[in-house]
Amino acid sequence: MKATEVLADAYGRVREVVHEVLDGLSAEQLNARVDPAANSVAWLVWHLTRVQDDHVADAGGLEQVWHAEGWAERFGLPLPADATGYGHTAREAGKVRVESGELLLGYFEAVHEQTLRFLRGLGAADLGRVVDERWDPPVTLGVRLVSVLTDDLQHAGQAAFARGVLERR
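Residues numbered from 1 in each chain as written. Predicted model: local features only at pLDDT ≥ 70, side-chain atom pairs only at ≥ 80, totals over all residues. Heavy atoms only, no water.

Enquirer: So what exactly am I meant to see when it comes to the overall build of the chain here?
Expert: When helices and strands are tallied, the chain shows eight helices and two strands. Taken from N to C terminus, the helices and strands of the chain fall in the order α-α-α-α-α-α-α-β-β-α. Over its C-alpha atoms the chain spans a radius of gyration of 16 Å, differing by no more than 12% from the 15 Å that the globule rule assigns to 169 residues. Seen through its C-alpha atoms, the chain measures out along the principal axes to roughly 50 × 35 × 30 Å. The buried share of the chain, taken over its 169 residues, is 48%. Considering only contacts in the chain between residues 6 or more positions apart, those separated by 24 or more positions represent 71%. Just so you have it, the chain exposes about 8700 Å², and 52% of that area is on carbon and sulfur atoms. (Helix = DSSP H or I, 4+ residues; strand = E, 2+ residues; numbered from the N terminus. Rg over C-alpha atoms; globule rule 2.2 N^0.38 Å. Buried < 20%, exposed > 50% of the residue type's maximum accessible area, 1.4 Å probe, protein only. Contact = heavy atoms within 4.5 Å. Areas by Shrake-Rupley, 256 points an atom, 1.4 Å probe, with all protein chains shown as cover.)

Enquirer: Explain the nonpolar core to me, please; I cannot follow it from the model alone.
Expert: As a rule of thumb, soluble globular proteins bury nonpolar side chains together. One finds Val 41, Trp 46, Phe 75, Leu 104 and Leu 145 to be the most contacted residues of the largest nonpolar core, which totals 51 residues. Among the secondary structure elements, those contributing two or more residues to this core are α1 (3–22), α3 (41–60), α4 (65–68), α5 (71–75), α7 (101–120) and α8 (141–168). Those residues in contact with Phe 75 that sit more than four places away from it in its chain are Trp 46, Trp 66, Val 98, Leu 103, Leu 104 and Tyr 107. (Core = buried A, V, L, I, M, F, W, Y, C linked by side-chain atoms within 4.5 Å.)

Enquirer: What is the right way to look at α7 in this model?
Expert: Think of an α-helix as turning once every 3.6 residues; residues three or four places apart then point the same way. Its 20 residues give α7 an end-to-end C-alpha distance of 28 Å, which sits within 8% of 28 Å, the value for a rise of 1.5 Å per residue. Here α7 lies mainly inside the structure; 14 of its 20 residues are buried. (Expected span 1.5 Å × (residues − 1).)

Enquirer: Help me understand unusual backbone geometry in this model?
Expert: Most peptide bonds take the trans configuration, and most residues that are not glycine carry a negative phi. Of note, the bond from Asp 136 into Pro 137 is cis; its omega dihedral lies within 30 degrees of zero at 5°. Within the secondary structure layout, Pro 137 lies in the loop between β1 (130–132) and β2 (139–140).

Enquirer: What should I look at first to understand the packing of aromatic side chains in this one?
Expert: Aromatic rings considered in pairs are described by the distance between their centres and by the relative angle of their planes. Scanning the model with the defined rule gives six aromatic pairs in all. Taking the centre distance of 5.8 Å and the plane angle of 45° together, the rings of Trp 71 and Tyr 107 count as tilted. Here Trp 71 is found in helix α5, whereas its partner Tyr 107 is found in helix α7, with 36 residues between them in sequence. Note on Trp 71: relative accessible area 7%, which makes it buried. (Phe/Tyr/Trp six-rings, centres within 6.5 Å; stacked < 30°, edge-to-face > 60°.)

No statement about biological role is implied by the geometric values presented.
Spelled out as structure tokens, the structure:
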């Protein structure tokens, strides 16, 4: 199995969790916070998707799906157009509100498809290409893709936990 196939499988596992988390949740549940400073399911899924979109697009020289396919307008969030949620305060995270899980899932699926197309076009040697020289050592494409994957999995797990808490209320 090629390294890019392993990455595609791993990103597919994030997809499975996102689908399970969003399935059947009402707008009220999506936007609820288990305490005033906690992130909502909506914020967690939006954020993990925005980070994947931002980082994969940057590494691949692609346009972000958020902008290219009009998702920023569809969400209509009272945040800067390029916001990904990184460093958000509790107040800023509270501004991420959605009317349905379908909106989140639509954006997630579009980003997931772009990620898979990008991965399918890579060879093993591509994973060693430096994509960010601001770090010491510089970040390679392989490290960036794994970094996004681990962040996505953490936030997907947090969203699953939040869903469980909300369902038991």
